[in-house]
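Read off the chains here:
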2 protein chains.
Amino acid sequence: MSLRYALLALLTAEPLTGYDAAKRFGGSVGFVWHAPDSQIYPELRRMEKEGLIEGEQVRWGPNSTKTRYSITDDGIRAFRDWINAPMDYGPIRDAPHMRAAYFEWADPDCVRENLQRHIDYYTEQRARWAAMRASILDASHPTIATRIEKYPAQEHERIIAYKAFAYQGLVDRATAEIEWAHDGLALVDKLSPPSP
Amino acid sequence: MSLRYALLALLTAEPLTGYDAAKRFGGSVGFVWHAPDSQIYPELRRMEKEGLIEGEQVRWGPNSTKTRYSITDDGIRAFRDWINAPMDYGPIRDAPHMRAAYFEWADPDCVRENLQRHIDYYTEQRARWAAMRASILDASHPTIATRIEKYPAQEHERIIAYKAFAYQGLVDRATAEIEWAHDGLALVDKLSPPSP
DNA sequence: AAAGACTACCTATCGACATAGATAGTTGGT
DNA sequence: ACCAACTATCTATGTCGATAGGTAGTCTTT
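Residues numbered from 1 in each chain as written. Chains lettered and ligands numbered in written order. Predicted model: local features only at pLDDT ≥ 70, side-chain atom pairs only at ≥ 80, totals over all residues. Heavy atoms only, no water.

- Going by an unreviewed UniProt entry, chain A carries the name PadR family transcriptional regulator and comes from Rhodococcus indonesiensis.

**A closer look at the protein's contact with DNA strand C**
Then comes step 1: In the vicinity of DNA strand C there are 24 residues, among which Tyr19(A), Lys66(A), Thr67(A), Pro91(A) and Ser38(B) approach most closely.
Then comes step 2: Taking Arg93(A), its side chain carries an N or O atom lying 3.0 Å from a sugar or linking oxygen of DNA strand C.
Then comes step 3: The backbone of Asn63(B) places a nitrogen or oxygen atom 2.9 Å from a phosphate oxygen of DNA strand C.
Then comes step 4: It is helix α3 (residues 37–49) of chain A that provides the largest number of residues to the surface near DNA strand C, a total of 4 residues.
Then comes step 5: Class assignment for the residues of the surface near DNA strand C results in 9 nonpolar, 10 polar and 5 charged. (Near = heavy atom within 4 Å. Polar contact = N/O pair within 3.5 Å; in protein donor to acceptor, adjacent residues only side chain to side chain. Helix = DSSP H or I, 4+ residues; strand = E, 2+ residues; numbered from the N terminus. Nonpolar A, V, L, I, M, F, W, Y, C, P; charged D, E, K, R; others polar.)

**Considerations on the sheet that holds strand β3 (residues 65–71) of chain B**
Residues and elements named next belong to chain B.
Then comes step 1: Pairing in this open sheet of 3 strands is antiparallel, and the strands run β1-β3-β2 from one edge to the other. Pairing within the sheet leaves two strands with one partner each, and these edge strands are β1 (16–17) and β2 (53–59).
Then comes step 2: Sheet analysis places β1 next to β3, joined by 2 bridges and oriented antiparallel. Bridging across to β3, Leu-16 finds its partner in Tyr-69. (Pairing = 2+ DSSP bridges.)

**Thoughts on the relation of the copies chain A and chain B**
Then comes step 1: Between chain A and chain B, which share one sequence, the superposing operator has a rotation angle of 180 degrees and an axial displacement of 0.0 Å; the RMSD is 0.0 Å. Taken together, these values place the two copies in the relation of a two-fold axis. Judged by C-alpha distance, Arg173(A) is the residue of chain A that lies nearest the rotation axis, at 3.2 Å.
Then comes step 2: A share of 100% of interface residues in chain A that are also interface residues in chain B marks the association as one of identical surfaces. (Least-squares fit on C-alpha atoms with pLDDT ≥ 70 in both. Contact = heavy atoms within 4.5 Å.)

**Regarding the packing of helix α7 (residues 142–150) of chain A against helix α8 (residues 153–191) of chain A**
Any two packed helices are characterised by how steeply their axes cross, that is the angle between the axes, and by the distance between the axes.
Residue and element names in this part refer to chain A.
Then comes step 1: Two elements in contact, α7 and α8, have axes separated by 10 Å at closest approach and are oriented at 150 degrees. Taken together, the axis directions place α7 and α8 in an arrangement best described as roughly antiparallel. Two packed elements cross with a definite hand, and for α7 against α8 that hand is right-handed. Facing α7, whose interface residues are Ile-144, Arg-147 and Ile-148, α8 presents His-156, Ile-159, Ile-160 and Lys-163.
Then comes step 2: In terms of residue class, the contact of α7 with α8 is built from 4 nonpolar, 1 polar and 2 charged. (Axes fitted to C-alpha atoms, helices over the stretch in contact; angles between N-to-C directions. Parallel < 35°, antiparallel > 145°, perpendicular 65-115°, else oblique. Left-handed = near helix turned anticlockwise from the far one by under 90°.)

**Remarks on the packing of aromatic side chains**
Then comes step 1: Under the definition given, this model contains 20 aromatic pairs over all chains.
Then comes step 2: Between Trp105(A) and Tyr151(B) the ring centres are 5.9 Å apart and the planes differ by 90 degrees, which places this aromatic pair in the edge-to-face class. Placement of the pair is Trp105(A) in the loop between α5 (95–100) and α6 (108–137) and Tyr151(B) in the loop between α7 (142–150) and α8 (153–191), with the two residues belonging to separate chains.
Then comes step 3: Here a set of aromatic residues connected by ring pairs shows up, and it is made of Tyr5(A), Phe79(A), Trp82(A), Tyr151(A), Tyr102(B) and Trp105(B).
Then comes step 4: When the ring centre of Trp33(B) is taken as reference, the NZ or CZ atom of Arg93(A) above it lies at 5.8 Å.
Then comes step 5: Above the face of the Trp82(B) ring, Arg99(A) is positioned so that its terminal group lies 4.5 Å from the ring centre. (Phe/Tyr/Trp six-rings, centres within 6.5 Å; stacked < 30°, edge-to-face > 60°. Lys NZ or Arg CZ within 6 Å of the ring centre and 35° of its normal.)

What follows is the structure, given as C-alpha coordinates:
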(Lines give C-alpha, C1' and ligand atoms only; values in the text may rest on other atoms or scores of the structure.)
Protein backbone atom coordinates (compact mmCIF):
# COMPACT_ATOMS: atom_id res chain seq x y z
CA MET A 1 0.00 0.00 0.00
CA SER A 2 2.92 2.36 0.53
CA LEU A 3 3.55 2.70 -3.20
CA ARG A 4 0.25 4.50 -3.39
CA TYR A 5 1.31 7.01 -0.76
CA ALA A 6 4.74 7.43 -2.24
CA LEU A 7 3.00 8.41 -5.48
CA LEU A 8 0.64 10.76 -3.70
CA ALA A 9 3.65 12.30 -1.95
CA LEU A 10 5.30 12.96 -5.31
CA LEU A 11 2.10 14.45 -6.70
CA THR A 12 1.80 16.92 -3.84
CA ALA A 13 4.79 18.67 -5.38
CA GLU A 14 3.70 18.70 -9.01
CA PRO A 15 1.67 16.80 -11.64
CA LEU A 16 3.54 13.94 -13.24
CA THR A 17 3.23 11.36 -15.97
CA GLY A 18 3.78 7.72 -15.07
CA TYR A 19 7.12 7.95 -16.73
CA ASP A 20 8.11 10.99 -14.67
CA ALA A 21 7.09 9.16 -11.52
CA ALA A 22 9.07 6.10 -12.51
CA LYS A 23 12.12 8.29 -12.99
CA ARG A 24 11.68 9.77 -9.52
CA PHE A 25 11.65 6.24 -8.15
CA GLY A 26 15.02 5.75 -9.77
CA GLY A 27 16.46 8.69 -7.85
CA SER A 28 15.28 10.85 -4.90
CA VAL A 29 12.21 8.94 -3.64
CA GLY A 30 13.90 5.80 -4.85
CA PHE A 31 16.45 6.20 -2.07
CA VAL A 32 13.65 5.53 0.42
CA TRP A 33 11.12 3.58 -1.59
CA HIS A 34 11.72 1.59 -4.73
CA ALA A 35 9.18 0.62 -7.35
CA PRO A 36 9.42 -0.57 -10.96
CA ASP A 37 7.30 1.06 -13.66
CA SER A 38 5.35 -2.15 -14.09
CA GLN A 39 3.88 -1.42 -10.68
CA ILE A 40 3.55 2.32 -11.14
CA TYR A 41 1.35 2.48 -14.25
CA PRO A 42 -1.35 0.12 -12.99
CA GLU A 43 -1.31 1.73 -9.55
CA LEU A 44 -1.84 5.17 -11.10
CA ARG A 45 -4.83 3.83 -13.06
CA ARG A 46 -6.28 2.31 -9.90
CA MET A 47 -5.77 5.55 -8.02
CA GLU A 48 -7.51 7.49 -10.75
CA LYS A 49 -10.46 5.10 -10.64
CA GLU A 50 -10.68 5.73 -6.90
CA GLY A 51 -10.57 9.48 -7.40
CA LEU A 52 -7.31 10.12 -5.60
CA ILE A 53 -5.69 11.52 -8.71
CA GLU A 54 -6.85 12.92 -12.02
CA GLY A 55 -5.32 12.16 -15.38
CA GLU A 56 -5.36 14.61 -18.22
CA GLN A 57 -4.23 14.00 -21.79
CA VAL A 58 -1.34 16.24 -22.78
CA ARG A 59 -0.05 16.67 -26.32
CA TRP A 60 3.30 15.07 -26.85
CA GLY A 61 4.74 15.60 -30.30
CA PRO A 62 2.53 15.84 -33.38
CA ASN A 63 0.92 12.38 -33.22
CA SER A 64 0.85 11.43 -29.63
CA THR A 65 -0.32 12.24 -26.13
CA LYS A 66 0.71 11.37 -22.62
CA THR A 67 -1.27 11.20 -19.40
CA ARG A 68 -0.36 13.67 -16.71
CA TYR A 69 -1.75 12.97 -13.27
CA SER A 70 -2.57 15.57 -10.64
CA ILE A 71 -3.58 14.91 -7.07
CA THR A 72 -7.20 15.64 -6.17
CA ASP A 73 -8.59 16.96 -2.89
CA ASP A 74 -9.58 13.40 -2.06
CA GLY A 75 -6.03 12.37 -2.76
CA ILE A 76 -4.65 15.03 -0.44
CA ARG A 77 -7.07 13.92 2.25
CA ALA A 78 -6.07 10.28 1.83
CA PHE A 79 -2.41 11.21 1.98
CA ARG A 80 -2.87 13.28 5.10
CA ASP A 81 -4.83 10.50 6.76
CA TRP A 82 -2.05 8.07 6.00
CA ILE A 83 0.64 10.34 7.41
CA ASN A 84 -1.39 10.93 10.55
CA ALA A 85 -2.26 7.28 11.04
CA PRO A 86 -0.08 5.21 13.32
CA MET A 87 2.62 3.30 11.46
CA ASP A 88 2.35 -0.42 11.58
CA TYR A 89 5.62 -2.22 11.72
CA GLY A 90 5.67 -5.28 9.57
CA PRO A 91 7.40 -8.51 10.49
CA ILE A 92 11.17 -8.51 10.57
CA ARG A 93 13.12 -9.99 7.71
CA ASP A 94 16.79 -9.17 7.84
CA ALA A 95 18.90 -11.33 5.57
CA PRO A 96 22.33 -9.81 6.36
CA HIS A 97 21.96 -10.25 10.11
CA MET A 98 20.43 -13.68 9.80
CA ARG A 99 23.33 -14.70 7.63
CA ALA A 100 25.84 -13.22 10.07
CA ALA A 101 24.34 -15.33 12.84
CA TYR A 102 25.55 -18.42 10.98
CA PHE A 103 28.96 -17.21 9.87
CA GLU A 104 30.57 -20.16 11.62
CA TRP A 105 29.45 -22.15 8.58
CA ALA A 106 31.27 -19.91 6.16
CA ASP A 107 34.79 -19.75 4.91
CA PRO A 108 36.55 -16.94 6.83
CA ASP A 109 37.58 -15.24 3.60
CA CYS A 110 33.99 -15.28 2.40
CA VAL A 111 32.95 -13.74 5.70
CA ARG A 112 35.50 -11.00 5.14
CA GLU A 113 34.25 -10.46 1.64
CA ASN A 114 30.64 -10.33 2.75
CA LEU A 115 31.37 -7.85 5.49
CA GLN A 116 33.42 -5.74 3.11
CA ARG A 117 30.51 -5.76 0.69
CA HIS A 118 28.27 -4.66 3.52
CA ILE A 119 30.62 -1.78 4.21
CA ASP A 120 30.80 -0.87 0.54
CA TYR A 121 27.06 -1.07 0.09
CA TYR A 122 26.24 1.14 3.05
CA THR A 123 29.07 3.53 2.27
CA GLU A 124 27.54 4.06 -1.14
CA GLN A 125 24.03 4.38 0.26
CA ARG A 126 25.19 6.77 2.93
CA ALA A 127 26.81 8.95 0.29
CA ARG A 128 23.53 9.05 -1.64
CA TRP A 129 21.48 9.83 1.44
CA ALA A 130 23.94 12.44 2.63
CA ALA A 131 23.94 14.05 -0.82
CA MET A 132 20.14 14.09 -0.84
CA ARG A 133 20.13 15.64 2.60
CA ALA A 134 22.58 18.32 1.50
CA SER A 135 20.60 19.15 -1.63
CA ILE A 136 17.44 19.36 0.47
CA LEU A 137 19.02 21.72 2.98
CA ASP A 138 20.21 24.18 0.34
CA ALA A 139 17.11 23.62 -1.82
CA SER A 140 19.29 22.74 -4.78
CA HIS A 141 17.30 19.58 -5.43
CA PRO A 142 14.92 20.28 -8.33
CA THR A 143 11.90 18.49 -6.83
CA ILE A 144 12.39 20.29 -3.54
CA ALA A 145 12.72 23.61 -5.31
CA THR A 146 9.48 22.99 -7.20
CA ARG A 147 7.74 21.86 -4.05
CA ILE A 148 8.86 24.86 -2.07
CA GLU A 149 7.58 27.30 -4.67
CA LYS A 150 4.09 25.89 -4.21
CA TYR A 151 3.89 26.62 -0.53
CA PRO A 152 4.08 29.81 1.53
CA ALA A 153 7.42 30.87 2.96
CA GLN A 154 6.57 30.02 6.55
CA GLU A 155 6.10 26.39 5.47
CA HIS A 156 9.54 26.16 3.91
CA GLU A 157 11.39 25.52 7.14
CA ARG A 158 9.10 22.64 8.08
CA ILE A 159 9.24 21.05 4.64
CA ILE A 160 13.01 21.16 4.57
CA ALA A 161 13.57 20.26 8.21
CA TYR A 162 11.47 17.10 8.10
CA LYS A 163 13.04 15.85 4.91
CA ALA A 164 16.53 16.52 6.21
CA PHE A 165 15.54 14.73 9.41
CA ALA A 166 14.32 11.68 7.48
CA TYR A 167 17.51 11.39 5.48
CA GLN A 168 19.60 11.99 8.57
CA GLY A 169 18.05 8.85 10.02
CA LEU A 170 19.09 6.87 6.98
CA VAL A 171 22.61 8.28 7.14
CA ASP A 172 22.84 7.31 10.81
CA ARG A 173 21.61 3.83 10.14
CA ALA A 174 24.17 3.41 7.37
CA THR A 175 26.87 4.56 9.76
CA ALA A 176 25.75 1.99 12.31
CA GLU A 177 25.81 -0.77 9.68
CA ILE A 178 29.31 0.21 8.61
CA GLU A 179 30.58 0.20 12.17
CA TRP A 180 28.97 -3.15 12.78
CA ALA A 181 30.64 -4.66 9.74
CA HIS A 182 33.99 -3.25 10.85
CA ASP A 183 33.52 -4.94 14.22
CA GLY A 184 32.72 -8.09 12.26
CA LEU A 185 35.98 -7.88 10.34
CA ALA A 186 37.87 -7.55 13.60
CA LEU A 187 35.99 -10.56 14.95
CA VAL A 188 36.90 -12.75 11.98
CA ASP A 189 40.53 -11.79 12.35
CA LYS A 190 40.38 -12.75 16.00
CA LEU A 191 38.61 -16.07 15.41
CA SER A 192 40.46 -17.01 12.22
CA PRO A 193 43.69 -15.02 11.97
CA PRO A 194 44.50 -14.24 8.34
CA SER A 195 47.39 -16.14 6.81
CA PRO A 196 50.22 -13.83 5.71
CA MET B 1 14.48 -17.64 -0.94
CA SER B 2 15.78 -16.74 2.50
CA LEU B 3 13.05 -18.71 4.25
CA ARG B 4 14.65 -21.81 2.83
CA TYR B 5 18.01 -20.94 4.36
CA ALA B 6 16.47 -19.92 7.65
CA LEU B 7 14.94 -23.40 7.79
CA LEU B 8 18.21 -25.07 6.88
CA ALA B 9 19.92 -23.00 9.58
CA LEU B 10 17.44 -24.29 12.16
CA LEU B 11 17.91 -27.85 10.99
CA THR B 12 21.68 -27.67 11.39
CA ALA B 13 21.01 -27.64 15.13
CA GLU B 14 18.46 -30.47 15.34
CA PRO B 15 15.68 -32.23 13.42
CA LEU B 16 12.34 -30.48 13.59
CA THR B 17 8.72 -30.90 12.60
CA GLY B 18 7.05 -28.13 10.66
CA TYR B 19 5.29 -27.16 13.81
CA ASP B 20 8.54 -26.93 15.76
CA ALA B 21 10.02 -24.78 13.03
CA ALA B 22 6.99 -22.51 13.02
CA LYS B 23 7.38 -22.06 16.78
CA ARG B 24 11.03 -21.10 16.32
CA PHE B 25 9.90 -18.47 13.87
CA GLY B 26 7.72 -17.06 16.59
CA GLY B 27 10.74 -16.61 18.87
CA SER B 28 14.53 -16.72 18.41
CA VAL B 29 14.90 -16.90 14.62
CA GLY B 30 11.72 -14.90 14.39
CA PHE B 31 13.61 -11.91 15.77
CA VAL B 32 15.62 -11.86 12.54
CA TRP B 33 13.34 -13.56 10.05
CA HIS B 34 9.61 -13.96 10.24
CA ALA B 35 7.47 -16.55 8.47
CA PRO B 36 3.95 -17.87 8.97
CA ASP B 37 3.32 -21.63 9.07
CA SER B 38 1.39 -21.39 5.82
CA GLN B 39 4.74 -20.68 4.20
CA ILE B 40 6.76 -23.12 6.22
CA TYR B 41 4.91 -26.37 5.52
CA PRO B 42 4.94 -26.08 1.73
CA GLU B 43 8.54 -24.90 1.74
CA LEU B 44 9.59 -27.95 3.76
CA ARG B 45 7.84 -30.21 1.26
CA ARG B 46 9.59 -28.48 -1.61
CA MET B 47 12.94 -28.79 0.14
CA GLU B 48 12.38 -32.47 0.72
CA LYS B 49 11.54 -32.97 -2.94
CA GLU B 50 14.83 -31.26 -3.79
CA GLY B 51 16.74 -33.48 -1.38
CA LEU B 52 17.91 -30.74 0.98
CA ILE B 53 16.08 -32.30 3.89
CA GLU B 54 14.63 -35.68 4.73
CA GLY B 55 11.28 -36.27 6.41
CA GLU B 56 10.62 -39.26 8.59
CA GLN B 57 7.31 -40.30 10.11
CA VAL B 58 7.37 -40.26 13.88
CA ARG B 59 4.67 -41.72 16.11
CA TRP B 60 2.65 -39.13 17.89
CA GLY B 61 0.08 -40.53 20.28
CA PRO B 62 -1.72 -43.78 19.58
CA ASN B 63 -3.44 -42.86 16.28
CA SER B 64 -1.22 -40.31 14.63
CA THR B 65 2.17 -39.46 13.26
CA LYS B 66 4.12 -36.32 12.56
CA THR B 67 6.87 -35.60 10.05
CA ARG B 68 10.26 -34.78 11.46
CA TYR B 69 12.73 -33.28 9.02
CA SER B 70 16.49 -33.64 9.17
CA ILE B 71 19.01 -31.80 7.04
CA THR B 72 20.84 -33.90 4.45
CA ASP B 73 24.42 -33.55 3.23
CA ASP B 74 23.05 -31.80 0.16
CA GLY B 75 21.20 -29.47 2.48
CA ILE B 76 24.35 -28.68 4.43
CA ARG B 77 26.17 -28.04 1.19
CA ALA B 78 23.42 -25.73 -0.06
CA PHE B 79 23.40 -23.87 3.22
CA ARG B 80 27.16 -23.44 3.19
CA ASP B 81 27.07 -22.21 -0.39
CA TRP B 82 24.44 -19.67 0.53
CA ILE B 83 26.41 -18.37 3.51
CA ASN B 84 29.55 -18.10 1.42
CA ALA B 85 27.85 -16.43 -1.52
CA PRO B 86 27.87 -12.65 -1.72
CA MET B 87 24.74 -11.06 -0.26
CA ASP B 88 22.61 -9.21 -2.69
CA TYR B 89 20.95 -6.18 -1.34
CA GLY B 90 17.40 -5.79 -2.48
CA PRO B 91 15.76 -2.49 -3.31
CA ILE B 92 15.08 -0.11 -0.45
CA ARG B 93 11.60 0.18 0.98
CA ASP B 94 11.50 2.11 4.22
CA ALA B 95 8.03 3.22 5.22
CA PRO B 96 8.91 5.01 8.49
CA HIS B 97 11.57 7.19 6.90
CA MET B 98 9.49 7.87 3.82
CA ARG B 99 6.65 8.93 6.04
CA ALA B 100 8.94 11.11 8.13
CA ALA B 101 10.03 12.93 4.98
CA TYR B 102 6.46 14.21 4.62
CA PHE B 103 5.71 15.03 8.24
CA GLU B 104 4.90 18.59 7.24
CA TRP B 105 1.56 17.18 6.08
CA ALA B 106 0.77 15.71 9.45
CA ASP B 107 -0.75 17.09 12.58
CA PRO B 108 2.11 17.83 15.02
CA ASP B 109 0.51 15.69 17.70
CA CYS B 110 0.26 12.78 15.28
CA VAL B 111 3.92 13.25 14.47
CA ARG B 112 4.71 13.07 18.16
CA GLU B 113 2.62 9.96 18.52
CA ASN B 114 4.24 8.32 15.55
CA LEU B 115 7.72 9.07 16.79
CA GLN B 116 6.83 7.84 20.24
CA ARG B 117 5.54 4.62 18.71
CA HIS B 118 8.81 4.33 16.83
CA ILE B 119 10.66 4.67 20.11
CA ASP B 120 8.39 2.16 21.82
CA TYR B 121 8.65 -0.31 18.99
CA TYR B 122 12.43 -0.24 18.82
CA THR B 123 12.77 -0.20 22.58
CA GLU B 124 10.82 -3.42 22.70
CA GLN B 125 12.75 -4.94 19.83
CA ARG B 126 16.03 -3.91 21.35
CA ALA B 127 15.07 -5.59 24.59
CA ARG B 128 14.28 -8.79 22.70
CA TRP B 129 17.50 -8.68 20.73
CA ALA B 130 19.57 -7.84 23.79
CA ALA B 131 17.95 -10.70 25.70
CA MET B 132 18.68 -13.08 22.84
CA ARG B 133 22.26 -11.90 22.79
CA ALA B 134 22.62 -12.42 26.51
CA SER B 135 21.12 -15.91 26.38
CA ILE B 136 23.46 -16.76 23.51
CA LEU B 137 26.53 -15.55 25.38
CA ASP B 138 25.80 -17.64 28.45
CA ALA B 139 24.42 -20.54 26.38
CA SER B 140 21.18 -20.44 28.36
CA HIS B 141 19.12 -20.39 25.17
CA PRO B 142 17.80 -23.92 24.59
CA THR B 143 18.41 -23.98 20.84
CA ILE B 144 21.95 -22.70 21.33
CA ALA B 145 22.59 -25.28 24.03
CA THR B 146 21.38 -28.06 21.72
CA ARG B 147 23.41 -26.70 18.87
CA ILE B 148 26.57 -26.43 20.90
CA GLU B 149 26.36 -30.02 22.09
CA LYS B 150 26.49 -31.18 18.49
CA TYR B 151 29.80 -29.54 17.71
CA PRO B 152 33.31 -29.89 19.15
CA ALA B 153 34.39 -27.55 21.90
CA GLN B 154 36.78 -25.54 19.74
CA GLU B 155 33.81 -24.54 17.58
CA HIS B 156 31.79 -23.18 20.49
CA GLU B 157 33.52 -19.84 20.61
CA ARG B 158 32.88 -19.21 16.92
CA ILE B 159 29.25 -20.29 17.08
CA ILE B 160 28.55 -18.05 20.02
CA ALA B 161 30.65 -15.11 18.90
CA TYR B 162 29.01 -14.80 15.47
CA LYS B 163 25.51 -15.05 16.85
CA ALA B 164 26.25 -12.47 19.53
CA PHE B 165 27.75 -10.28 16.83
CA ALA B 166 24.64 -10.57 14.67
CA TYR B 167 22.31 -9.61 17.50
CA GLN B 168 24.65 -6.82 18.53
CA GLY B 169 24.10 -5.29 15.11
CA LEU B 170 20.35 -5.37 15.62
CA VAL B 171 20.68 -3.84 19.07
CA ASP B 172 22.83 -1.05 17.64
CA ARG B 173 20.37 -0.39 14.88
CA ALA B 174 17.53 -0.19 17.36
CA THR B 175 19.54 2.27 19.40
CA ALA B 176 20.11 4.40 16.31
CA GLU B 177 16.38 4.36 15.49
CA ILE B 178 15.50 5.38 19.03
CA GLU B 179 17.96 8.26 18.96
CA TRP B 180 16.64 9.36 15.61
CA ALA B 181 13.08 9.43 16.87
CA HIS B 182 14.15 11.40 19.91
CA ASP B 183 15.75 13.97 17.62
CA GLY B 184 12.47 14.00 15.75
CA LEU B 185 10.49 14.77 18.89
CA ALA B 186 12.83 17.67 19.60
CA LEU B 187 12.34 18.87 16.04
CA VAL B 188 8.54 18.85 16.29
CA ASP B 189 8.73 20.81 19.51
CA LYS B 190 10.95 23.35 17.79
CA LEU B 191 8.77 23.66 14.69
CA SER B 192 5.41 23.44 16.44
CA PRO B 193 5.83 24.25 20.13
CA PRO B 194 3.42 22.22 22.22
CA SER B 195 0.49 24.06 23.76
CA PRO B 196 0.47 23.82 27.55
C1' DA C 1 16.97 10.08 -43.95
C1' DA C 2 18.63 7.02 -40.85
C1' DA C 3 20.46 5.63 -36.40
C1' DG C 4 20.22 5.73 -31.63
C1' DA C 5 18.65 7.25 -27.39
C1' DC C 6 14.95 8.57 -24.85
C1' DT C 7 9.94 8.98 -23.57
C1' DA C 8 5.60 6.73 -22.69
C1' DC C 9 3.11 2.97 -21.79
C1' DC C 10 1.68 -1.86 -21.41
C1' DT C 11 1.66 -7.04 -20.48
C1' DA C 12 2.49 -11.49 -18.61
C1' DT C 13 4.39 -14.60 -15.46
C1' DC C 14 6.22 -15.87 -11.16
C1' DG C 15 7.45 -16.14 -6.36
C1' DA C 16 6.98 -14.25 -1.67
C1' DC C 17 4.09 -13.23 1.85
C1' DA C 18 -0.28 -11.81 4.42
C1' DT C 19 -4.49 -13.31 6.05
C1' DA C 20 -7.74 -16.18 7.39
C1' DG C 21 -9.41 -19.80 7.69
C1' DA C 22 -10.28 -25.51 8.25
C1' DT C 23 -9.38 -30.17 10.17
C1' DA C 24 -7.98 -33.56 13.38
C1' DG C 25 -5.53 -35.71 16.84
C1' DT C 26 -3.34 -35.16 21.80
C1' DT C 27 -2.63 -33.95 26.48
C1' DG C 28 -3.79 -32.28 30.99
C1' DG C 29 -6.90 -30.96 34.29
C1' DT C 30 -11.63 -30.95 36.60
C1' DA D 1 -16.07 -38.15 30.72
C1' DC D 2 -15.35 -33.90 29.05
C1' DC D 3 -13.42 -29.48 27.93
C1' DA D 4 -9.72 -26.51 26.91
C1' DA D 5 -5.45 -25.85 25.25
C1' DC D 6 -2.00 -27.42 22.50
C1' DT D 7 0.17 -29.96 18.50
C1' DA D 8 0.28 -30.86 13.66
C1' DT D 9 -0.94 -29.90 9.19
C1' DC D 10 -3.19 -28.04 5.18
C1' DT D 11 -5.82 -24.80 1.91
C1' DA D 12 -7.40 -20.82 -0.39
C1' DT D 13 -7.39 -16.14 -1.76
C1' DG D 14 -5.24 -11.97 -2.52
C1' DT D 15 -1.69 -8.43 -2.83
C1' DC D 16 2.86 -6.98 -3.53
C1' DG D 17 6.69 -6.95 -6.01
C1' DA D 18 10.53 -8.97 -9.20
C1' DT D 19 11.66 -9.92 -13.78
C1' DA D 20 11.48 -9.63 -18.29
C1' DG D 21 9.80 -8.71 -21.86
C1' DG D 22 6.89 -5.76 -25.87
C1' DT D 23 5.24 -1.60 -28.75
C1' DA D 24 5.32 2.86 -30.49
C1' DG D 25 6.17 7.52 -30.79
C1' DT D 26 9.80 11.57 -30.24
C1' DC D 27 14.04 13.99 -30.28
C1' DT D 28 18.79 14.63 -31.51
C1' DT D 29 22.64 13.99 -34.10
C1' DT D 30 25.03 12.79 -38.00
